[in-house]
Amino acid sequence: MSFLSIRNLSVRLRKGPPLLRAVSLEVAAAQVHGLVGESGAGKSMIGKAVLGILPPSVEVTGGEIWLDGVDLLRLPARVRRQKIGATCALIPQDPLTALNPSHRIGPQITDRLVDILGWTRADADARARDLLAEVQIADPDRVMRSYPHELSGGMRQRILIASAFAAEPKLIVADEPTTALDVTVQKQILKLIGGMQARHGTALLFVTHDLGVVSKVCQRLSVLYSGLVVEDTSVADFFAAPGHPYSAALLAATPKYTDPAAGLQPVPDAVIAAVRAEVAAFDAGGAHG
Amino acid sequence: MADLYQVQDLHLSLADMTARPLMGAAPRIEILKGLSFSIPRGEVVGIVGGSGSGKSTLGRALVRLLQPSGGQVLFDGTDITHLTEAGLRPLRRRFQMIFQDPMSSLNPRHRVGTIIAEPLRLHRFDAIADRVARALDHVGLPAGFAARFPHELSGGQRQRVGIARAIALEPDFILADEIVSGLDVSSQAQVLNLLERLVRDLGLTLAFISHDLSVIRRLCQQTIVLHHGRIVENRPTAELFADPQDAYTRDLLDAIPLPDPAQRWL
Amino acid sequence: MLDGRSMVRRRAGARLWLSALWLGLLCLAALLAPWVAPKDPLAQDLFLGRLPPFWVQGAEPGYWLGTDSLGRDVLSRIVHGARVALMVALVAGTVTCLVGATLGLLAGFLRGWVDMVISRLIDIWMAFPPVLFSILLIAVLGPGLWSIIIAIVVIDWTRFARVVRAEAMAQGAMDYVASARVAGRGRIGTMLREILPNVLPTIVVLLTLEMGIAVIVEAILSFVNLSISTDDPTWGGMISEGRTSIHQAWWVLVFPLVTLFLTVLSFSQLGEGLKDRFDPVLR
């Protein structure tokens, strides 16, 4: 039984074009599922739909999001928020803007635990300290007393990761968590996320456009083009032989420094045309198979 | 002259605004700590380093957006280290820059055609409309795009407009500062292939700044690795990848996730 | 592949048209006042005092909005009052904008000692209490339209300067400014070509806001009889006179008040509506 089961989720701009076209995917408990695609493909949108944080200009037009046995879209708003708050968390993309510059770090981690989940301040602080140590921050007390601007980007991302795991969530949406980071810092952060995910047994929906990262962190992945899922398969199968021409083209575009002749191939126009035709066929009412 | 750029013992300090006292000037932090290297004409040189390595600062020093505090920068034999703006102006069309963020490097209130034509007008070129059309053609954008605003284009297209703006002046040298860092793989591949073609067709000399070694490999003949404001390696690219000498270079290489689940990485 | 979100369009707002309509009407009325106003605003006729507006029992035909205690036609006085109000609004607003925005732009973009001098100037200037300052100025310059205009400019330019300076600083950090420098553009040229167009929406909103403020300042000053020295009607003056007869003749106070309100509201809404038109991203 999957922990997260998205079935035929369709989302569009109010009175505008569709952004997600009958997206379906399954994430088992404690599994890492990658969402891959170019910018604008809709991968972030899926994560936002699950967490209930779609922008106001966007509306859901159909489908179901089953989280831990409940269809989130059929719940009343307050119940949905409680359910999501209790079981999910987000690791956002930009560590610069994700932390409030006016508050110290400590409260930013513990406030949610105390105010919404009813922990005591002492318990919450202890938990925060444990987590900061787990993400390898050397002096948790000093960091908890600091303001975000006093810390580096990598440090801030660690704090956001710690914060995400604070309430022991069953599902975390990681929205391009390393895109804004340096390549050496990225490796440390990915290692951290992978380790914590395994230790805490959390399911992870990992949004990224980097296939290299996917091959290291995820067990399954879905490839998106313009809101349509064009491939959904295991990572091992995908990298051995991608099933869809568009996926193969993405793989060919990824740089491979060990073999400079391979990699960095632009996606051929024919492949783009073909996948656009698929999208058009979907919009015209054809069944998505 | 075989070398387009000759840099000798380059030092550059910037004011540390976070440590500014109430009265008086802010203390200076040295970002570039004595760099010496040269860029041969017609070559593509990669400048690689993590954040804080000084690579962006070095790039801006080369195109004189910043003034060095010590050392010497020679462009085609001319000492540009301490030239005033007036002295630099006639030279400016010979070294151009492409910026990282396609959102903030194009003025949102100007149309694409205007953005490309501006520098041409400043340097009093003739037949501006033709040159704009040609520049768009070189980067593979339809001529009709000249009428569009930046927000009507995708990230990859905006980046190509930035390239068109740079090549329209027919410069000798272009500095590309992390121009593919914000792009997804297919746009990245397109832009890099475009640069490769332009270097070949227009005989450009290119300095390519990046924090990602994997994109350097195909494009650059020579690679300079910066760490904390110093050059730790400066070698032909193939050699660097085959046998990295410095520990930091090895770290950078190890940090690259290859799209291969079998790679022992994490 | 284009992001679907870039394809959203915004409709031209109703508020832009409504406010433009009201202000246009007002401008016409002010320009053509001698011909458009039904009666002479200064003509007194004690036998026609305190006549109600046309829809009430006892109204006199021709005096649409009634008369005040001296028998003067309220509508004509409002129309003539618009001349003073709009004159102050347009002139004071524009001059304040020019002075303030220019200084703000220079300070925000050029930085260095220019910024230091202008910022200190703004800080010191803003320390003077504005009401006191304006009364002092009027006392020195003597009452009159130009005194009011000068007073408004002298006091309010700092509002523009502060905001425009902040915006110019933010724009100055953008890569397209660096790009202009690399292309070889001089500093003043960059300021006008790259920074100004992006600061314009803010300046437009502030300008229309300032016009609304100018109208209110004039109304306040004429309320306390510090405005123009002649007998020409002003909205503030009418409100002041209307206070004493509010129970017997509510219309003498209410109509100029409503006109004042609608005018100031229109100015601010005009600014909001225009700002969107100026911004190519939202157009």
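About the cut-offs
- Residues numbered from 1 in each chain as written.
- Chains lettered and ligands numbered in written order.
- Predicted model: local features only at pLDDT ≥ 70, side-chain atom pairs only at ≥ 80, totals over all residues.
- Helix = DSSP H or I, 4+ residues; strand = E, 2+ residues; numbered from the N terminus.
- Rg over C-alpha atoms; globule rule 2.2 N^0.38 Å.
- Buried ≥ 20, exposed ≤ 12 C-beta atoms within 10 Å, placed from the backbone.
- Contact = placed C-beta atoms within 7 Å.
- Nonpolar A, V, L, I, M, F, W, Y, C, P; charged D, E, K, R; others polar.
- Axes fitted to C-alpha atoms, helices over the stretch in contact; angles between N-to-C directions.
- Parallel < 35°, antiparallel > 145°, perpendicular 65-115°, else oblique.
- Left-handed = near helix turned anticlockwise from the far one by under 90°.
- Core = buried A, V, L, I, M, F, W, Y, C linked by C-beta atoms within 7 Å.
- Pairing = 2+ DSSP bridges.
- pLDDT = per-residue confidence, 0-100.
- Right-handed = clockwise from strand over helix to strand, strands pointing away.

**Student:** Can you explain the overall build of chain A? Please cite residues and give values.
**Tutor:** Regarding its fold elements, chain A presents 12 helices and 10 strands. Relative to the compact-globule value of 19 Å for 289 residues, chain A shows a C-alpha radius of gyration of 20 Å, a close match. C-alpha extents for chain A along the principal axes are approximately 60 × 50 × 35 Å. Burial status across chain A gives 44% buried among its 289 residues. Sequence separation of at least 24 residues holds for 65% of the intrachain contacts in chain A that already meet a minimum separation of 6.

**Student:** Hey, could you go over the interface of chain B and chain A for me, with residue numbers and the actual values?
**Tutor:** How large an interface is tends to be reported as the accessible area lost when its parts come together. Listed by partner, the interface residues are 29 residues for chain B and 32 residues for chain A. Those elements giving two or more residues to the side of chain B that touches chain A turn out to be helix H6 (185–202), helix H7 (213–219) and helix H9 (247–254) of chain B. The greatest single-element share of the side of chain B that touches chain A, amounting to six residues, is contributed by H6 of chain B. In terms of residue class, the side of chain B that touches chain A is built from 15 nonpolar, eight polar and six charged.

**Student:** Let's hear about the packing of helix H11 (residues 245–253) of chain A against helix H12 (residues 269–283) of chain A: which residues, and what values?
**Tutor:** What describes two packed helices is the angle between their axes and the distance between those same axes. Residues and elements named next belong to chain A. One way to put it is that H11 packs onto H12 with a least axis distance of 9 Å and a crossing angle of 140°. As judged from the angle between their axes, H11 and H12 are oblique. The crossing of H11 and H12 is left-handed. On the side of H11, the interface is formed by Pro245, Tyr246 and Ala249, while H12 contributes Val271, Ala274 and Val275.

**Student:** Before we move on, could you go through the nonpolar core and cite the residues and values that matter?
**Tutor:** Counting residues in hydrophobic clusters, the biggest one holds 225 residues, and the most contacted among them are Phe208 of chain B together with Val88 of chain C. For this core, the element with the highest residue contribution is helix H3 (residues 74–110) of chain C, accounting for 18 residues. Not counting chain neighbours up to four residues away, the residues in contact with valine 88 of chain C comprise Leu145, Ile148, Ile149, Ala214, Val215 and Glu218 of chain C.

**Student:** Report on the sheet that holds strand E7 (residues 171–175) of chain A, specifying residues and quantitative values.
**Tutor:** Residue and element names in this part refer to chain A. Sheet architecture is open: six strands sit in the order E6-E7-E8-E3-E9-E10, paired in mixed fashion. The strands lining the two open edges of the sheet, one partner per strand, are strand E6 (88–91) and strand E10 (228–234). Adjacent strand axes in the sheet meet at a mean angle of 15°, parallel and antiparallel pairs treated alike. One ladder, built from five bridges, connects strand E3 (residues 32–36) with strand E8 (residues 203–208); its direction is parallel. The residue bridging valine 32 from the neighbouring strand is leucine 204, located in E8. Across the sheet, helix H7 (residues 153–165) is in contact with E6 and E7; its angle to E6 comes to roughly 175°.

**Student:** Before we move on, could you go through the environment of glycine 52 of chain B and cite the residues and values that matter?
**Tutor:** Turning to its location among the elements, glycine 52 of chain B is positioned in the loop between strand E3 (44–48) and helix H1 (55–62). Glycine 52 of chain B sits in the partly exposed class, given 14 other C-beta atoms within 10 Å.

**Student:** Tell me about the pairing of E10 of chain A, residues and numbers included.
**Tutor:** Residues and elements named next belong to chain A. Note that strand E9 (residues 220–225) and E10 share six bridges and pair antiparallel. In the sheet register, valine 223 faces E10, and the bridge partner there is glutamate 231. Following E9, the chain reverses through two residues before pairing antiparallel with E10; serine 226 in that reversal takes a positive phi of roughly 50°.

**Student:** Can you tell me about the confidence of the model for chain C, naming the residues and giving the values?
**Tutor:** Residues and elements named next belong to chain C. Counting all residues, the mean pLDDT for chain C is 84, and 93% of those residues have values of 70 or more. Mean pLDDT in chain C bottoms out at helix H7 (residues 175–183), which sits at 80, and peaks at H3, which reaches 92. Here residues 1–9 is modelled with pLDDT under 50, and outside its nearest four sequence neighbours on either side it reaches 20 contacts, counting other chains as well. In the model output, the complex is listed with pTM 0.76 alongside ipTM 0.80.

**Student:** Talk me through the interface of chain B and chain C; I want residue IDs and the actual numbers.
**Tutor:** Taken residue by residue, the interface counts 23 residues in chain B and 19 residues in chain C. Among the elements of the structure, helix H2 (85–92), strand E6 (95–98) and helix H3 (112–122) of chain B are those that each provide at least two residues to the side of chain B that touches chain C.

**Student:** Quick one: what's the story with the pairing of E7 of chain A, residue by residue and with numbers?
**Tutor:** Along a regular strand, successive side chains alternate from one face of the sheet to the other. All names here are of chain A. Along E7, five of the five residues are buried, which leaves the element largely enclosed by surrounding structure. Here E7 shows a buried face lined by Leu171, Val173 and Asp175 and a second buried face lined by Ile172 and Ala174. Across four bridges, E6 lies against E7 in parallel orientation. From the neighbouring strand, cysteine 88 faces E7, where its bridge partner is leucine 171. Where E7 and E8 come together, five bridges link them in parallel fashion. Bridging from a neighbouring strand, alanine 174 pairs with phenylalanine 206 of E8. The parallel pair E7 and E8 is bridged by helix H8 (residues 183–200), and the resulting crossover is right-handed.

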